[in-house]
Amino acid sequence: ILTDGEDTDSKQVSDVEDLIANGIDILLISPNTSEALTDVCQKAMDAGIPVVTLDRNVNCDVTCWSGAENIPMGVQSADLLAEMLDEKGNIIEVQGTAGASATIDRHQGFEDQLKEYPGLKVVDTQYCNYTRADAMSYMEDMLQKYPNEGDIQAVYCHNDEMAAGVVEAIAAAGRSDEGILVTGMDGNEEAFEYVDSGEMAFTVIYPTCAPEGMQAAYKILNGEEVDQHWILDTTVVSKDNVKDYLGTGL
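So, here is what we can say about the structure in this document. (Residues numbered from 1 in each chain as written. Predicted model: local features only at pLDDT ≥ 70, side-chain atom pairs only at ≥ 80, totals over all residues. Heavy atoms only, no water.)

## Structural notes on the sheet that holds strand β9 (residues 229-232)
What links the strands of a sheet is backbone hydrogen bonding, and the strands pair in either a parallel or an antiparallel sense. Taking strand neighbours across the sheet as the criterion, the 4 strands line up as β1-β2-β3-β9 in an open arrangement whose pairing is parallel. Single-partner strands in this sheet number two, and they are β1 (27-29) and β9. Ignoring which end each strand starts from, the neighbouring axes of this sheet average 15° apart. Pairing of strand β3 (residues 64-68) with β9 involves 4 bridges; the strand directions are parallel. The partner of G67 across the bridge, within β9, is I231. (Pairing = 2+ DSSP bridges. Helix = DSSP H or I, 4+ residues; strand = E, 2+ residues; numbered from the N terminus. Axes fitted to C-alpha atoms, helices over the stretch in contact; angles between N-to-C directions.)

The structure is reproduced here in structure tokens:
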């Protein structure tokens, strides 16, 4: 049975409650936000239904979580931007969905690592729900708020879809020649193309988690042991290696 939470906590909670009532054998879920989906995932566990969370997690024990660690992705992004900017500049942070575990960790890793670089400063930030339209609108506002060349050195985005919106806003404002470094995460094909063209500085590939989630589900249903945390690898794609990834993105 496949359901779509439509990026809405209430819809996803309702969907899971219906699945529990239908007596499913196992639940695979990518929680919209951690806090909102914790209780219903705990309800499934209490009912004896194994729960496999993909990418994002919840605040209770589940049978297996499959995903990459988001905090190190934030740390990597901070270090790379520091290197590219000679440890000095103003950064705008475009965050994902408020309350989502990926958002919390991608922000925390970046924020904590920036403490190593006192010359780098986040001058503005906003949640843009991992959507292109919200990020584009926000960046349009930021380009008006910071109208002069040199006001913004980089834009740190929590995913590639938002990074694409930022790139489009910069281009539409006629400011592509200012050298603003735009970064993303996830590994979209469009992001690889933007890195190749120089419109993005880099992206960090986050694995889809679905293959591993299905493998975990199969093992669980066959009575096999699985690790509670199935940690996957991430990869930085920049101008140095982007040619190796073109054509492989999401």
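Structure's up, so let's keep going.
## Looking at the side chain of H158
With respect to the element layout, H158 can be found in the loop between β6 (154-157) and α6 (160-172). Judged by its relative accessible area of 0%, H158 is buried. Engagement of the side chain of H158 in a polar contact is seen with the side chain of E93, the distance being 2.9 Å. If near-sequence neighbours (up to four positions away) are discounted, H158 is found in contact with E93, V94, Q95, G96, T103, R106, H107, Y130 and M185. (Buried < 20%, exposed > 50% of the residue type's maximum accessible area, 1.4 Å probe, protein only. Polar contact = N/O pair within 3.5 Å; in protein donor to acceptor, adjacent residues only side chain to side chain. Contact = heavy atoms within 4.5 Å.)

## Looking at the environment of G179
Examined against the element boundaries, G179 turns out to sit in the loop between α6 and β7 (181-186). Here G179 falls in the partly exposed class, since its relative accessible area comes to 48%. For the pair formed by G179 and I24, sequence separation is 155 residues and the distance between their alpha carbons is 52 Å.

## Points about the packing of helix α1 (residues 9-21) against helix α2 (residues 34-46)
The geometry of α1 relative to α2 is characterised by a closest axis approach of 9 Å and an angle of 5° between their N-to-C directions. The pairing of α1 with α2 is recorded here as roughly parallel in orientation. Residues D9, Q12, V13, V16, E17 and I20 of α1 form the contact with α2, whose own contacting residues are A36, L37, V40, K43 and A44. (Parallel < 35°, antiparallel > 145°, perpendicular 65-115°, else oblique.)

## Quick look at the nonpolar core
One finds I92, V94, M139, V155 and V166 to be the most contacted residues of the largest nonpolar core, which totals 31 residues. Contributing elements (two or more residues each) for this core: β4 (89-95), α5 (132-145), β6, α6 and α7 (189-197). The element best represented in this core is α6, accounting for 7 residues. Among residues more than four places away in sequence, those in contact with V94 are Q126, C128, A135, Y138, V155, Y156, C157, H158, M162 and V166. Membership of the second largest hydrophobic core comes to 30 residues, among which are F202, V204, C209 and L232. (Core = buried A, V, L, I, M, F, W, Y, C linked by side-chain atoms within 4.5 Å.)

## Focus on the pairing of strand β2 (residues 51-54)
Side chains V51 and T53 project from β2 onto one buried face, and the interleaved V52 and L54 project onto a second face that is buried too. In terms of strand pairing, β1 meets β2 through 3 bridges, oriented parallel. Counterpart to L27 in the pairing with β2 is V51. This β-α-β element, β1 to α2 to β2, shows right-handed connectivity. (Right-handed = clockwise from strand over helix to strand, strands pointing away.)

Purely geometric numbers; function is a separate question.
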